[in-house]
Amino acid sequence: MDESRYAAALTLDPEWLADTVAVQAGRPARLPGAPMNEPITLSSTYVHDANIEYGRDGNAGWSALETALGALDGGRAVTFASGLAVASAIADLVPADGTVVLSSVTYYGVRNIFERMEARGRLHVRKTPADDSAALLAAADGADMVWVESIANPLMVVADVPAIAAGARERGAITVVDATFATPLRQRPLDLGADIVVHSATKLIAGHSDLLLGAAVCRADTHADSLVAHRHDHGAIPGALEAFLALRGLRTLAVRLDRAEASAVELARRLASHPHVSTVNYPGLPGDPQHERALRVLPNGSGSMLSFDVAGTVEQTEAFLARLRLLTHATSLGGVESLIERRARYTGDASIVGPTLCRLSVGIENVEDLWADLDGALLAALG
Ligand SMILES: *Cc1c(COP(=O)(O)O)cnc(C)c1O
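Small disclaimer: the values here were computed from a predicted structure and weren't measured.

Conventions and cut-offs
- One numbering rule holds for all chains: residues counted from 1, following each sequence as written.
- The predicted nature of this model means local features are confined to residues of pLDDT at least 70 and side-chain atom pairs, given and counted, to a pLDDT of 80 or more, with totals for whole chains, interfaces and linings taken over all residues.
- Each side-chain value is worked out from all heavy atoms of the structure, with water and hydrogens disregarded.
- To qualify as a helix, a DSSP run of H or I must reach at least 4 residues; to qualify as a strand, a run of E must reach at least 2; elements of each kind are numbered from the N terminus.
- The size measure is the radius of gyration over C-alpha atoms, and the globule rule it meets is 2.2 Å times the number of residues to the 0.38 power.
- Burial classes follow relative accessibility: with a 1.4 Å probe on protein chains only, a residue under 20% of its type's maximum area counts as buried, one over 50% as exposed, and anything between as partly exposed.
- Salt bridge, as used here, is a side-chain nitrogen of Lys or Arg placed within 4 Å of a carboxyl oxygen of Asp or Glu.
- For two strands to pair, DSSP has to find at least two bridges joining them.
- Residue contacts are defined here by distance: any two heavy atoms, one from each residue, within 4.5 Å place the two residues in contact.
- Axis angles are defined between N-to-C directions and span 0 to 180 degrees, where every axis is a line fitted to C-alpha atoms and, for a helix, only to the segment in contact.
- Each domain's extent was defined by an automatic or database domain assignment.
- Buried area is understood as the total, over both parts, of accessible area removed when two parts are fitted together, assessed with a 1.4 Å probe.
- Each polar contact in these results corresponds to two N or O atoms within 3.5 Å; when the atoms are within protein, one needs to be able to donate a hydrogen and the other to accept it, and residues that are neighboring in sequence are counted only if both atoms are side-chain atoms.
- Any residue outside Ala, Val, Leu, Ile, Met, Phe, Trp, Tyr, Cys, Pro, Asp, Glu, Lys and Arg is labelled polar, Gly included; the first ten of those are nonpolar and the last four are charged.
- By this rule, a helix spans an expected 1.5 Å times one less than how many residues it contains.
- Arc definition: it is the arc formed by the directions from the helix axis to the C-beta atoms.
- Note on terminology: near, applied to a residue and a molecule or strand, indicates that one of the residue's heavy atoms is within 4 Å of it.
- Per-residue accessibility takes into account occlusion by the displayed protein chains alone, with areas from the Shrake-Rupley method and a 1.4 Å probe.
- When the near helix sits turned anticlockwise from the far one by under a right angle, the crossing is termed left-handed; a clockwise turn instead gives a right-handed crossing.

Things to note about the overall build of the chain
- For the chain, the helix and strand inventory stands at 14 helices and 12 strands.
- Expected size for 383 residues packed as a compact globule is a radius of gyration near 21 Å; at 21 Å, the chain falls within 12% of this value.
- Considering only C-alpha atoms, the chain reaches an extent of 70 × 50 × 35 Å along its principal axes.
- Residue burial in the chain is summarised as follows: out of 383 residues, 55% are buried.

Overview of the pattern of salt bridges
- Scanning the entire structure with this criterion turns up 20 salt bridges.
- A salt bridge links arginine 171 to aspartate 141, with the nearest nitrogen and oxygen atoms 3.4 Å apart. Of the two residues, arginine 171 sits in the loop between helix 7 (161–170) and strand 5 (174–178) while aspartate 141 sits in the loop between helix 6 (133–139) and strand 4 (145–149), which places them 30 residues apart along the sequence.
- Judged by its relative accessible area of 46%, aspartate 141 falls in the partly exposed class.
- Taken together, the salt bridges that share partners define one network made up of Glu266, Arg269, Arg270 and Glu368.

Description of the sheet that holds strand 10 (residues 328–329)
- What the 5 strands build is an open sheet, ordered 8-9-12-11-10; its pairing is mixed. At either margin of the open sheet sits one strand with a lone partner, and together these are strand 8 (277–281) and strand 10.
- For strand 8 and strand 9 (residues 305–310), the ladder comprises 4 bridges, and the chain directions are antiparallel. Among the inter-strand pairings, valine 277 is bridged to a residue of strand 9, identified as valine 310.
- Contacts from helix 10 (residues 253–272) reach strand 8, strand 9 and strand 12 (357–361), with the element oriented near 15 degrees to strand 9.

Notes on the domain arrangement of the chain
- Per the domain assignment, the segments making up the chain are domain 1 (4–251) and domain 2 (254–382).
- Between the C-alpha centres of domain 1 and domain 2 the distance comes to 26 Å.
- Counting residues at the interface gives 33 residues for domain 1 and 35 residues for domain 2.
- Where domain 1 abuts domain 2, roughly 2800 Å² becomes buried across the two surfaces, and 59% of that area is made up of carbon and sulfur atoms.
- Considering only the side of domain 1, the residues that lose the most area to domain 2 are Met156, Val158 and Arg186, jointly responsible for 26% of the buried surface there.
- Run the count over domain 1 and domain 2 and you get 3 salt bridges.
- Applying the counting rule to domain 1 against domain 2 returns 14 residue pairs in polar contact (both at pLDDT 80 or more).
- Elements with a contribution of two residues or more to the side of domain 1 that touches domain 2: helix 5 (108–119) and helix 9 (240–251).
- The class makeup of the residues in the side of domain 1 that touches domain 2 is 19 nonpolar, 8 polar and 6 charged.

A short note on helix 8 (residues 221–234)
- Relative to the 20 Å expected for 14 residues at 1.5 Å per residue, helix 8 spans 19 Å between its end C-alpha atoms, a close match to the ideal helical length.
- Where helix 8 is concerned, the buried positions are His223, Ala224, Leu227, His230 and Arg231. End-on view of helix 8: buried residues confined to an arc of 120 degrees, all on one side of the axis. When the buried face of helix 8 is taken as reference, the exposed residues oriented beyond 90 degrees from it are Thr222 and Asp233.
- On its buried side, helix 8 packs onto helix 3 (60–73), strand 1 (76–80), helix 4 (83–91), strand 5, strand 6 (196–200) and strand 7 (214–218).
- Two residues or fewer past helix 8, glycine 235 is found with a positive phi of approximately 90 degrees.

Looking at the site of the ligand
- The environment of the ligand is made up of Ser82, Gly83, Leu84, Tyr107, Glu149, Asp178, Thr180, Phe181, Ser200, Thr202, Lys203 and Leu333.
- Serine 82 is positioned such that a nitrogen or oxygen atom in its side chain is 3.5 Å from an oxygen atom of the ligand.
- At 2.8 Å, a side-chain N or O of serine 200 approaches an oxygen atom of the ligand.
- Summarising the interface, the protein chains cover 94% of the accessible area of the ligand, which totals 380 Å² for the free molecule.
- Split into classes, the residues belonging to the shell around the ligand amount to 4 nonpolar, 5 polar and 3 charged.

Points about the packing of helix 4 against helix 5
- Two elements in contact, helix 4 and helix 5, have axes whose closest approach is 10 Å; the angle formed by their N-to-C orientations is 35 degrees. By crossing handedness, the relation of helix 4 to helix 5 is classed as right-handed. Counted together, Leu84, Ala87, Ser88 and Ala91 of helix 4 and Gly109, Val110, Ile113, Phe114 and Met117 of helix 5 form the full contact between these two elements.
- The class makeup of the residues in the contact of helix 4 with helix 5 is 7 nonpolar, 2 polar and no charged.

Here it is as structure tokens:
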């Protein structure tokens, strides 16, 4: 598809700030009678002799979304069917018998991809603590890729991306940052030195819990080209409707995130002094050991995710979750509705979190209603 079709919006004004870019980028050029939004193109095949001849080659809706995401992160975006489809394609950038340094606190699906590749003899994995840049870089000697998630799931660990990316580069490794929790509005990892950013757009970017979609944003064209080839050859393409809805979601990301984040800060503060809560993980909370790093790496805010340990048994934690009426007990995150779950239910996470850790995705409901629900259920379940 003709990328220049969106160039008008992309180059309109380099002074615009990210929340404006999120609203304006990726729209069709402003010609008389042009639609405001790129229409959904439902076609598996196209008349021959063009860039797009078949449904796996490209789609005008992907291009619109990629234009917007690329502008926000400052690189070239490639969209996929899901966040994990992106992770699989990036994992394939590692050469045969190569080495990946993986921070130990990452989305369990990403750990699965690399661990299964290692089990098949495809590559080697070195795991290091997520918040220890020195250990991470020591492990990066001779490695091909460093993969960190920041803000990391589910303990909200903030990685020192500038130090990690610079150190990895010196050692000849590329740095990949899964920035799903931060979104391009809270962190631009390419500006901090990373080579590729990963977003599960399923979460905050799309924002309504109604689709799966993933994106990589690359500094180098060679990486973007490889990912496009991988998408074409392996077929993990985004749906046309999903791409449209993800871009529509992106239009309101700034207001959704501002609101949810303000509530997350308030809930984190109140939970921290609740008698039935032992620890609260929210980057930048006063007293948080990663306070200073969080403020340095995430100066504009820490997003809408937090987690906390219930000061009780697994049974009491389950009772607390069962008593919630407003928050939904479900996995996933980043939608307008608040979700909560006991993370150790996932065998993949049981090794890195305590049994009563609850992860909370704060939505855009009224914060007082959210608090009344949380506080009421904690008091009812734990006495
Ligand atoms: C959900 C998630 C993924 C996987 O994305 P899908 O769109 O579900 O495939 C990867 N990383 C993080 C941090 C996630 O939250």
